[in-house]
Amino acid sequence: MEKGKLLYDGKAKQVYATDKEDEIIMHYKDDATAGNGVKHDQFAGKGVLNHTISGIIFDMLTEAGIKTHLIKKLDDRDDLVKKVKIFPLEVIIRNITTGSFCKRTGCPEGLVLDEPIFEISYKNDEYGDPLINEDHAVAMKLCTREEYAKIKEETLKINALLKEFFLSLNLKLVDFKIEFGKTADGEILLADEISPDSCRLWDVNTNQKYDKDVFRQDIGDLIETYKAVLARMEKK
Ligand code: 5GP
């Protein structure tokens, strides 16, 4: 599959056209950003690591019946994926309190929640991805009420599957962000990636961080951390 025109150059990925109208190529870059792009660096090999990790997770979710955009892996950085219109929503689940939730509410860090918190943010860098609710999303025509319900239902299923998956690696799934898109036929698919860039993962015994917080907070080596996550997956 030949890479066509560059359609989108994002913070951590690029998207290219293919010779098929309904298929595109998603390419993983080595860039890491935090704080809405304020902090930016490059880590040789990060794209390959996230691509591999996300591929294993998407395969696991597909086997469990989750519909995703992934068609096939092309090489160590590129996936062939179904073309979707991404909902401009960051869909977030929190299982343990930390991050922006604690900053916003004053809630103590590290509380294990009885039920997952489902949140959405409006994906908009200019406004700092503000937290919104269902009514806002519908009023702003970011999705319909039916699409919101489907996204929430799928996200809760994905959370249950991911929590179990990471627990088998001795990692707690603290929280994560996912994105959904819609095909030309109206099918809603899980899109983007699931990796230590988009999840918070804490070691079950030590609470050591195995995710992008090591970069956000300058508390460790990002590449060694992501390699350690992949090593746990490959040992499974
Ligand atoms: P928080 O809202 O606490 O900053 O983040 C909640 C979860 O969503 C974390 O797992 C974080 O990694 C993920 N997340 C939030 N915003 C983004 C984003 O813009 N990009 C990525 N990759 N993940 C995000």
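First, a word on scope: everything that follows refers to the structure included in this document.

Cut-off values and rules
- Residues numbered from 1 in each chain as written.
- Predicted model: local features only at pLDDT ≥ 70, side-chain atom pairs only at ≥ 80, totals over all residues.
- Heavy atoms only, no water.
- Helix = DSSP H or I, 4+ residues; strand = E, 2+ residues; numbered from the N terminus.
- Buried < 20%, exposed > 50% of the residue type's maximum accessible area, 1.4 Å probe, protein only.
- Contact = heavy atoms within 4.5 Å.
- Areas by Shrake-Rupley, 256 points an atom, 1.4 Å probe, with all protein chains shown as cover.
- Axes fitted to C-alpha atoms, helices over the stretch in contact; angles between N-to-C directions.
- Parallel < 35°, antiparallel > 145°, perpendicular 65-115°, else oblique.
- Left-handed = near helix turned anticlockwise from the far one by under 90°.
- Nonpolar A, V, L, I, M, F, W, Y, C, P; charged D, E, K, R; others polar.
- Salt bridge = Lys/Arg side-chain N within 4 Å of Asp/Glu carboxyl O.
- Expected span 1.5 Å × (residues − 1).

## Some details on the overall build of the protein
Turning to step 1, where the next piece is worked out: Helix and strand counts for the protein come out as six helices and 14 strands.
Turning to step 2, where the next piece is worked out: Each of the three principal axes of the protein carries a C-alpha extent, and together these read 50 × 40 × 35 Å.
Turning to step 3, where the next piece is worked out: The buried share among the 236 residues of the protein stands at 51%.
Turning to step 4, where the next piece is worked out: Considering only residue pairs separated by 6 or more positions, the protein has 57% of its internal contacts joining residues 24 or more positions apart.
Turning to step 5, where the next piece is worked out: A total accessible area of about 11900 Å² is found for the protein, and carbon and sulfur atoms account for 50% of it.

## Points about the packing of helix H1 (residues 46-63) against helix H6 (residues 222-235)
Turning to step 1, where the next piece is worked out: As a packed pair, H1 and H6 sit with axes 10 Å apart at the nearest point and diverge in direction by 30°. As far as their axial angle goes, H6 and H1 are roughly parallel. Judged by the twist between their axes, the crossing of H1 over H6 is left-handed. Residues Lys46, Leu49, Asn50, Thr52, Ile53, Ile56 and Ile57 of H1 pack against Leu222, Ile223, Tyr226, Lys227, Val229, Leu230 and Met233 of H6.
Turning to step 2, where the next piece is worked out: A class-by-class count of the residues in the contact of H1 with H6 yields ten nonpolar, two polar and two charged.

## Regarding the pattern of salt bridges
Turning to step 1, where the next piece is worked out: In the structure shown here, the tally under the stated rule is 27 salt bridges.
Turning to step 2, where the next piece is worked out: Salt-bridge contacts for Lys3 lead to Asp78; the nearest nitrogen and oxygen are separated by 3.1 Å. Of the two residues, Lys3 sits in the segment before strand S1 (6-9) while Asp78 sits in strand S7 (residues 78-82), which places them 75 residues apart along the sequence.
Turning to step 3, where the next piece is worked out: Owing to a relative accessible area of 36%, Lys3 belongs among the partly exposed residues under this scheme.
Turning to step 4, where the next piece is worked out: Looking at Asp78, the relative accessible area reads 6%, which means it is buried.
Turning to step 5, where the next piece is worked out: Note that Asp218 and Lys39 form a salt bridge whose closest N and O atoms lie 3.2 Å from each other. With Asp218 in the loop between helix H5 (213-216) and H6 and Lys39 in strand S5 (residues 39-42), this pair connects stretches of sequence that are 179 residues apart.
Turning to step 6, where the next piece is worked out: Under the relative-accessibility criterion, Asp218 is labelled exposed at 60%.
Turning to step 7, where the next piece is worked out: With relative accessibility at 26%, the residue Lys39 sits in the partly exposed group.
Turning to step 8, where the next piece is worked out: Taken together, the shared-partner salt bridges connect Arg94, Arg104, Glu119, Asp175, Arg200, Asp213 and Arg216 into one network.

## What to know about H6
Owing to its 3.6 residues per turn, the α-helix brings residues three or four apart onto one side.
Turning to step 1, where the next piece is worked out: In a regular helix each residue adds 1.5 Å, so 14 residues correspond to 20 Å; H6 covers 20 Å between its end C-alpha atoms and thus fits that length.
Turning to step 2, where the next piece is worked out: Among the residues of H6, Leu222, Ile223, Thr225, Tyr226, Val229, Leu230, Arg232 and Met233 are the ones counted as buried.
Turning to step 3, where the next piece is worked out: Turning to H6, the residues buried within the fold contact H1, helix H4 (145-167), strand S12 (171-182), strand S14 (199-203) and H5.

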